[in-house]
Amino acid sequence: MEERIYYCEGCGGVMEFDVATQSLKCPNCDKVVPIAGDKGRLVEHSLTRHAMRTIRASEKTTHTMECRGCGARIEVDGTSRAAECPFCGSDYVLADREGDAVIPDGVLPFQVDKNRVGELFRQWLKGRWLAPGELKHLYQKDRLQGIYVPYWTFDAKVNARYTALGGRHRTVTRKGADGKTEHQIVTDWYPTSGNLRHFFDDILVPASEKIDARLLRRTGYYGTQQIVSYAPEYLSGYGAECYTVDLNAAHSEALGTMERELESMARSEVLSRYDEAADVCVRADYQEETYKHVLLPMYSTAYTYKGKQYRVLINGQSGRVEGDYPKSPVRIGMIVFAVLLILALVYWYSSGPHMRADTLPVWEEGQLYDYEIEEEAAWAYSEDNLPT
């Protein structure tokens, strides 16, 4: 990934990628320079055994920064002022050796700007009502960093054949030992098979081992239709993590995802003809497989509370926030107390003196009681009666 510093032709300031215009923009004079990113020039590479064994790395002049804490290696340009790792919050140092960098085929530019992402993070903190109150004051704007996370994408045409057992339910009537009639549902199983044809497009596999995979899944999916061909201008003002998952390992994970999807499709086909499905087995033939290396946007921060570290990720396309946070023992205790109080009230109300039979009034023979029977008012079913 090539290092470039983009100077404004108007005032000489350093230009950075601007989310609103999807262009380079000068923060001093607001001059905008379009970026030549094009979806039509996005390249898919044929997946071959040679490609999976080795990928040619291009020369680059960006700085490889290495985290002292988690060991993450981040490519930063000459304008980057980030001094802390976006994954664990530890200090950056210049790596002992410059890492090779594969030029990405595509990049999904940030759709959430740095000002809005701060508000999203604050709203997320306010919504953590189990969190300690002082946690709301931990937000620091300069620690929430935008970073491009490396991914591999895979495409494939698949012809598959499946075999399975389809079950049909029927009701059997029998007499039990006591002579009473019993109805039982039994399942008859039949062998079945079929064919599937499917095109898998952009199966995403993270190429990062430093980001918590659980958090990464929770941040939601990316709309890969917005991926454009790579241009270094998109990285101006942001960092990009070096990939640490090689193509071969990523391909194996992608195949697992495809196989699970094919099995689900086969099961759905069987269930369209039967009541149950079992022993689903799929044999797939993958053709015209392709891959590409892309960068996807993510905001990341890490904070420490009472000696324990917590991480938060924000999807740079959708703005979805996911992260871990400490739970307040006091607030958890209040919830437990409230639940116990409600259960006690329910028990008291259901078994209290006013519900006991021996406390109800006794109907004495010969005694007259005055009472009225109220007729239920008829309720007209119309839209005006429905609750709003």
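**Comments concerning the overall build of the chain**
Here is step 1: The secondary structure content of the chain amounts to five helices and 15 strands.
Here is step 2: Taken over 388 residues, the chain has a buried fraction of 39%.
Here is step 3: For the chain, the share of sequence-separated contacts (at least 6 apart) that also reach a separation of at least 24 residues comes to 74%.
Here is step 4: Just so you have it, the chain exposes about 23700 Å², and 51% of that area is on carbon and sulfur atoms.

**What about the sheet that holds strand β1 (residues 16-18)?**
Here is step 1: Strand order in the open sheet made by the three strands is β1-β2-β3, with antiparallel pairing throughout. Edge strands, defined here as strands with exactly one partner in the open sheet, are β1 and β3 (32-33).
Here is step 2: Bridge analysis of β1 against strand β2 (residues 23-25) gives three bridges, and the strand direction is antiparallel. Bridging from a neighbouring strand, glutamate 16 pairs with lysine 25 of β2.

**Details of helix α4 (residues 247-271)**
Here is step 1: For α4, built from 25 residues, the straight-helix expectation of 36 Å at 1.5 Å per residue is met to within 8% by its first-to-last C-alpha distance of 36 Å.
Here is step 2: Listed as buried for α4 are Leu247, Ala250, His251, Ala254, Gly256, Met258, Leu262, Ala266 and Val270.

**Re helix α2 (residues 114-126)**
Here is step 1: With 13 residues, α2 ought to run about 18 Å at 1.5 Å a step, and its terminal C-alpha atoms sit 19 Å apart, in line with that.
Here is step 2: Within α2, burial applies to Val117, Gly118, Leu120, Phe121, Trp124 and Leu125. Taken down its axis, α2 places every buried residue within 160° of arc, on the same side. In this structure, α2 carries Asn115 and Lys126 as exposed residues pointing more than 90 degrees from its buried face.
Here is step 3: Those residues of α2 that are buried lie in contact with β13 (276-305), β14 (308-315) and β15 (321-323).

**Notes on the nonpolar core**
Here is step 1: Counting residues in hydrophobic clusters, the biggest one holds 33 residues, and the most contacted among them are Tyr148, Tyr234 and Ile314.
Here is step 2: Contributions of two or more residues to this core are made by α2, β13 and β14.
Here is step 3: Per-element tally for this core: the top contributor is α2, with five residues.
Here is step 4: Not counting chain neighbours up to four residues away, the residues in contact with isoleucine 314 comprise Val117, Phe121, Leu144, Met298, Tyr299, Gly319, Arg320 and Val321.
Here is step 5: Core analysis: the second largest hydrophobic core is formed by 26 residues, Ala160, Phe200, Ala250 and Leu262 among them.

**As for the pairing of strand β9 (residues 145-175)**
Here is step 1: With 21 bridges connecting them, β9 and β13 associate as antiparallel partners. Bridge pairing in β13 links glycine 166 to alanine 277.
Here is step 2: Here β9 runs beside strand β12 (residues 239-241); their pairing, made up of two bridges, is parallel. Bridging across to β12, isoleucine 147 finds its partner in glycine 239.
Here is step 3: Where β9 lies against strand β10 (residues 181-206), 24 bridges are found, and the strand directions are antiparallel. What sits directly across from threonine 163, in β10, is serine 193.
Here is step 4: Between β9 and the antiparallel strand that follows it, β10, lie five residues; glycine 179 among them carries a positive phi value of about 85°.

**Observations regarding the pattern of salt bridges**
Here is step 1: Per the counting criterion, the structure on display carries nine salt bridges.
Here is step 2: Taking the shortest distance from any N to any O, the salt bridge between glutamate 44 and lysine 292 comes out at 2.6 Å. With a gap of 248 residues between them, glutamate 44 in the loop between β3 and β4 (45-46) and lysine 292 in strand β13 connect regions that are remote in the sequence.
Here is step 3: Where arginine 218 meets glutamate 322, a salt bridge forms, and the shortest distance between an N and an O atom there is 3.1 Å. With arginine 218 in helix α3 (residues 213-218) and glutamate 322 in strand β15, this pair connects stretches of sequence that are 104 residues apart.
Here is step 4: Note on arginine 218: relative accessible area 28%, which makes it partly exposed.
Here is step 5: A relative accessible area of 15% means that glutamate 322 is categorised as buried.

**Thoughts on the packing of aromatic side chains**
To describe a pair of aromatic rings, one takes the distance between the centres and the angle between the planes.
Here is step 1: All told, the structure shown has eleven aromatic pairs when counted by the stated rule.
Here is step 2: For the pair phenylalanine 121 and tryptophan 124, a centre-to-centre distance of 6.0 Å together with 15° between the ring planes defines the contact as stacked. Taken together, the positions of phenylalanine 121 and tryptophan 124, both in helix α2 and three residues apart, correspond to about one turn of that helix. For the pair formed by phenylalanine 121 and tryptophan 124, the shared burial category is buried.
Here is step 3: Taken together, Phe17, Phe110, Tyr148, Tyr234, Tyr238 and Tyr299 form an aromatic cluster joined through their ring pairs.
Here is step 4: We note lysine 114 situated over the ring of tyrosine 238; from NZ or CZ to the ring centre the distance is 4.7 Å.
Here is step 5: Lying across the ring of tyrosine 190, arginine 168 places its NZ or CZ 5.6 Å from the centre.

Each value, and the rule that gives it
- Residues numbered from 1 in each chain as written.
- Predicted model: local features only at pLDDT ≥ 70, side-chain atom pairs only at ≥ 80, totals over all residues.
- Heavy atoms only, no water.
- Helix = DSSP H or I, 4+ residues; strand = E, 2+ residues; numbered from the N terminus.
- Buried < 20%, exposed > 50% of the residue type's maximum accessible area, 1.4 Å probe, protein only.
- Contact = heavy atoms within 4.5 Å.
- Areas by Shrake-Rupley, 256 points an atom, 1.4 Å probe, with all protein chains shown as cover.
- Pairing = 2+ DSSP bridges.
- Expected span 1.5 Å × (residues − 1).
- Arc of directions from axis to C-beta.
- Core = buried A, V, L, I, M, F, W, Y, C linked by side-chain atoms within 4.5 Å.
- Salt bridge = Lys/Arg side-chain N within 4 Å of Asp/Glu carboxyl O.
- Phe/Tyr/Trp six-rings, centres within 6.5 Å; stacked < 30°, edge-to-face > 60°.
- Lys NZ or Arg CZ within 6 Å of the ring centre and 35° of its normal.

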